[in-house]
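Each chain, letter by letter, is given below.
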Amino acid sequence: MDIQIFLQLIIFVAFSGLVSWTISDKFCRNQFKVKSIEDWLLDGVGLTIQGMLIPLLQGTVIYWFYQHLLPNQQGILQLSPIVTFAISFILIDYLYYWNHRLLHSRLFWQLHKVHHTVTQMDVLGTSRNTIWTSLLIVYLWIHTLFLYLLNDPTGYLLGVSLTSALDLWRHSRLIISTNSWLDKLVVSWLILPQDHAWHHCSETFNCNYGANFKIWDKLHGTHYKSEELPSVIGISTELSLRQKLLFPF
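Nothing here was measured: the structure is a model prediction, and the numbers come from that model. Residue positions are given per chain, counting from 1 as you read along its sequence in written order. Totals for whole chains, interfaces and linings use all residues, but because this is a predicted model, local features are given only for residues with pLDDT of at least 70 and pairs of side-chain atoms are given and counted only at 80 or more. In computing side-chain values, all of the structure's heavy atoms are included and hydrogens and water are not.

Now, about the overall build of the protein: what can you tell me, with residues and values included?
Per the secondary structure count, the protein includes 11 helices and 0 strands. For the radius of gyration, the atom set is restricted to C-alpha positions; the globular benchmark scales as 2.2 Å times the number of residues to the power 0.38. Relative to the globule expectation of 18 Å for 249 residues, the C-alpha radius of gyration of the protein, 18 Å, shows essentially globular dimensions. Note on classification: 1.4 Å probe, protein chains only; a residue is buried when its accessible area is under 20% of the maximum for its type, exposed when over 50%, partly exposed between these limits. When each of the 249 residues of the protein is scored for burial, the buried share is 45%. For this analysis, residues touch if any pair of their heavy atoms sits within 4.5 Å. Of the contacts made within the protein by residues no fewer than 6 positions apart, 72% connect residues no fewer than 24 positions apart. Starting at the N terminus, helices and strands are each numbered in turn, a helix being any DSSP run of H or I of at least four residues and a strand any DSSP run of E of at least two.

If you want it as structure tokens, here you go:
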């Protein structure tokens, strides 16, 4: 099986499993019932863009851009899969931390705030955003660059797939039982759904910017710890559906 198909399958299985769990959970199922048509549309458009259009853009326009910008550098980096995985899963995670903080700055907040209109943690809201906000996220540009430069991108792609699967999970309500062996194994370093829920809390959302690791938030004083989920998440806005999708000002 082609490695890229296998790694895409990881994301598909994660998404399908989380959707199935969400439907099977009574609380989450009830949340689906009260979700507005506008929210369903926003989430559907966001998932379509992130799952289909962004990969297409990376594999065509962005890749073509690097071919013309760096015509003699394709496949120049010959690194082991362990090193490329670390670059993808750790180093790029740190770049994303600062990218995420920048999106919360006064200059870029208007372009990111649609994501924070999510009022319930569920996997379908993972990619809710203004249509062109993805152009401002480091993943679009840096992932394509490394896939262009690396002679063997297998390890890097594994890191991308794992990060994507964790992104889906941390937007869900699938919480690891407190004090379980798994919780004890990951609670000190991995961004969990409850951590990201506090990022979406309207009272404390200037915290927990990391995607994979808590260390960046702890290092820069933006970590907020709570074993519970916030009672209310999301922000309200008077923007129309058209504004949310195209021009959130």
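So what's going on with the side chain of D183? Which residues, and what values?
Tracing the backbone through its elements, the reader meets D183 in helix α8 (residues 181-186). Aside from chain neighbours lying at most four places away, what touches D183 is I176, S177, T178 and L192.

Account for the environment of Q8, with residues named and values stated.
Tracing the sequence through the fold places Q8 in helix α1 (residues 3-24). In the structure, Q8 is positioned 19 residues away from F27 in sequence and 29 Å away in space, judged by C-alpha atoms.

Requested: an account of the nonpolar core, with residues and values cited.
By nonpolar core is meant a set of buried Ala, Val, Leu, Ile, Met, Phe, Trp, Tyr and Cys residues that side-chain atoms within 4.5 Å join together. By size, the foremost hydrophobic cluster in this structure holds 20 residues, and its most contacted members are I92, I142, F146 and Y156. Sorting the residues of this core by element identifies α3 (37-69), α4 (81-103), α6 (138-149) and α7 (154-170) as the ones contributing at least two each. It is α6 that provides the largest number of residues to this core, a total of 7 residues. Beyond its immediate sequence surroundings of up to four residues, Y156 is in contact with T84, F85, I87, S88, I92, I142, H143, F146, L147 and L150. Counting residues in hydrophobic clusters, the runner-up holds 19 residues, among them F89, V123, W169 and Y209.

I'd like a rundown of the packing of aromatic side chains, residues and numbers included.
Ring pairs are drawn from Phe, Tyr and Trp, using the six-membered ring of Trp, whenever the two centres fall within 6.5 Å, and their geometry is named by plane angle: stacked under 30 degrees, edge-to-face over 60, tilted for the rest. Counted according to the given criterion, the structure contains 16 aromatic pairs. Seen from their ring centres, W198 and Y224 are 5.0 Å apart, and the 55 degrees between their planes marks the pair as tilted. A residue pair is termed long-range when its members are at least 10 positions apart, and W198 in helix α9 (residues 193-199) and Y224 in the loop between α10 (215-219) and α11 (241-246) qualify at 26 residues. For Y224, a relative accessible area of 32% translates into the label partly exposed. Within the aromatic cluster, the residues linked to one another by ring pairs are F85, F89, Y94, Y97, W98, W189, Y209, F213 and W216. If you follow K35 out to its NZ or CZ, it ends over the ring of W40, 4.8 Å from the centre. Sitting over a ring, as applied to charges here, requires NZ of Lys or CZ of Arg to be within 6 Å of the ring centre and within 35 degrees of the ring normal.

Give me the side chain of T144: which residues, what numbers.
On the secondary structure map, T144 appears in helix α6. The class of T144 is buried, set by a relative accessible area of 2%.

So, a nonpolar patch on the surface: which residues are in play, and what are the values?
Residues enter patches when their relative accessible area tops 30% and they take part in no salt bridge; the joining distance is 9 Å for like charges and 5 Å for the nonpolar side chains Val, Leu, Ile, Met, Phe, Trp and Tyr. Method for areas: the Shrake-Rupley scheme with a 1.4 Å probe, in which residue coverage is limited to the protein chains shown. Every case where a carboxyl oxygen of Asp or Glu lies within 4 Å of a side-chain nitrogen of Lys or Arg is listed as a salt bridge. A cluster of nonpolar side chains, contributed by W64, F65, L69, I131, W132, L135, L136, W141, L246, F247 and F249, occupies part of the molecular surface with about 1,000 Å² of accessible area. If you tally residues by element for the nonpolar patch, the top one is α3, at 3 residues. If you trace the backbone, F65 turns up in helix α3.

Which residues make up the packing of α4 against α7, and what values do they have?
Here the axes come from fitting lines to C-alpha atoms, over the contacting stretch only for helices, and the angles between their N-to-C directions go from 0 to 180 degrees. Two elements in contact, α4 and α7, have axes separated by 6 Å at closest approach and are oriented at 35 degrees. You can see that α4 and α7 cross each other, and the crossing is right-handed. Between α4, through P81, T84, F85, I87, S88, F89 and I92, and α7, the contact on the second element is made entirely by G155, Y156, L158, G159, V160, L162, T163 and L166. Of the residues assigned to the contact of α4 with α7, the class counts are 10 nonpolar, 5 polar and no charged. In this scheme the crossing of two helices becomes right-handed for a clockwise turn of the near helix relative to the far one and left-handed for an anticlockwise turn of less than a right angle. For this scheme, ten residues count as nonpolar: Ala, Val, Leu, Ile, Met, Phe, Trp, Tyr, Cys and Pro. Four count as charged, namely Asp, Glu, Lys and Arg, and the remainder, Gly too, count as polar.

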